[in-house]
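# Survey of secondary and tertiary structure
If you want the building blocks of each chain, they are given just below.
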Amino acid sequence: MGAVPVERAARLPESVTVVDALAEFDEHCPPGTVIATNTSALPVDHLAAALTRHPERFLGAHFFFPAPREPLCEMQRGSATAAWALRGARDVIESWGMRCLVIDGTVAGSVASRLFGVLVAEAMRLRGAGAATAEDIDLLCEQGLGQAMGPLRSMELIGRDTVLRAMRHGGLRP
């Protein structure tokens with residue numbers, strides 16, 4: 001497979017569900033088109049189920065936050081993802097100067113998101129117990145553990161609801 005063109009998807013109306021959008025893409029995209037999701041909370045196979053005709057072209061491409069500062073992509077291979085789709089997406093992402101790691105996308109959540117969820121849950125417990133302020137917890141993680149951004153500040157930027165939902169999908173209880 002040659003160079004894979006990168007196209008921008010139109011913004012979808014709020015009434016369209018992700019599953020509806022994936023089914024729509026599947027119906028209108030040429031068969032060699034790779035369709036990827038940036039979700040890090042749901043199993044790729046769950047979303048690929050919406051692609052009734054071509055689940056082999058579907059994969060996860062979880063970009064780290066903030067993407068311009070974190071040049072790493074965690075690619076999630078579903079049980080039906082074809083090698084050509086994974087290779088094509090990887091070639092495009094690496095052409096942007098990013099590094100790709102390929103993981104099993106059949107489990108709930110990306111590896112990074114599940115590890116992040118454990119850190120967030122413990123940071124929330126420590127803050128709730130009064131062991132340290134949110135600012136101190138983030139500072140300890142940034143300067144002591146070398147994170148670009150602490151877990152509580154990251155959670156605020158990503159969105160509490162999004163992080164908590166991802167944690168629940170991964171089996172964590174905050």
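Summary of the structure given here.

Criteria and thresholds
- Residues numbered from 1 in each chain as written.
- Predicted model: local features only at pLDDT ≥ 70, side-chain atom pairs only at ≥ 80, totals over all residues.
- Heavy atoms only, no water.
- Helix = DSSP H or I, 4+ residues; strand = E, 2+ residues; numbered from the N terminus.
- Buried < 20%, exposed > 50% of the residue type's maximum accessible area, 1.4 Å probe, protein only.
- Contact = heavy atoms within 4.5 Å.
- Areas by Shrake-Rupley, 256 points an atom, 1.4 Å probe, with all protein chains shown as cover.
- Pairing = 2+ DSSP bridges.
- Axes fitted to C-alpha atoms, helices over the stretch in contact; angles between N-to-C directions.
- Arc of directions from axis to C-beta.
- Phe/Tyr/Trp six-rings, centres within 6.5 Å; stacked < 30°, edge-to-face > 60°.
- Core = buried A, V, L, I, M, F, W, Y, C linked by side-chain atoms within 4.5 Å.

## Here's the deal with the overall build of the protein chain
Counting secondary structure elements, the protein chain contains 7 helices and 4 strands. Listing every helix and strand of the protein chain by position from the N terminus yields α-β-α-β-β-α-β-α-α-α-α. Among the 174 residues that make up the protein chain, the fraction classed as buried is 34%. Partitioning the contacts of the protein chain with sequence separation of at least 6, the portion at a separation of at least 24 is 63%. With an accessible surface of roughly 10,300 Å², the protein chain has 57% of that area assigned to carbon and sulfur atoms.

## Observations regarding the sheet that holds strand β1 (residues 35–37)
Pairing in this open sheet of 4 strands is mixed, and the strands run β1-β2-β3-β4 from one edge to the other. Of all strands in the sheet, those with a lone pairing partner are β1 and β4 (99–104), marking the two edges. Direction aside, neighbouring strands of the sheet carry axes that sit 30° apart on average. Relative to strand β2 (residues 58–63), β1 is paired through 3 bridges, and the arrangement is parallel. Bridging from a neighbouring strand, I35 pairs with F58 of β2.

## Here we look at the environment of G171
Relative to the assigned elements, G171 resides in the segment after α7 (160–169). Take G171: its relative accessible area is 57%, and that puts it in the exposed class. Measuring from C-alpha to C-alpha, the distance between G171 and G117 comes to 9.7 Å, with 54 residues separating the pair along the chain.

## Focus on helix α6 (residues 151–158)
Quick reminder: α-helices carry 3.6 residues per turn. Residues three or four places apart thus point the same way. Restricting attention to buried positions, one finds in α6 the residues P151, L152, S154 and M155. Projected down its long axis, α6 shows its buried positions confined to an angular sector of 160°, all on one face.

## Some words on the packing of aromatic side chains
Throughout the structure, instances matching the rule amount to 1 aromatic pair. When the ring of F63 is compared with that of W96, the centres are 6.2 Å apart and the planes differ by 35°; the resulting orientation is tilted. Here F63 is found in strand β2, whereas its partner W96 is found in the loop between α3 (83–95) and β4, with 33 residues between them in sequence.

## Here's the deal with the nonpolar core
L59, A61, C73, M75, A85, L86, A89, I93, M98 and C100 together form the largest nonpolar core, which totals 10 residues. Those elements that provide at least two residues to this core are β2, β3 (72–77) and α3. Every residue in contact with M75, bar those within four places of it in the chain, is listed here: L59, G60, L86, A89, R90, C100, L101, V102 and I103. Within the second largest apolar cluster, 9 residues are counted, among which are V120, A132, I137 and L152.

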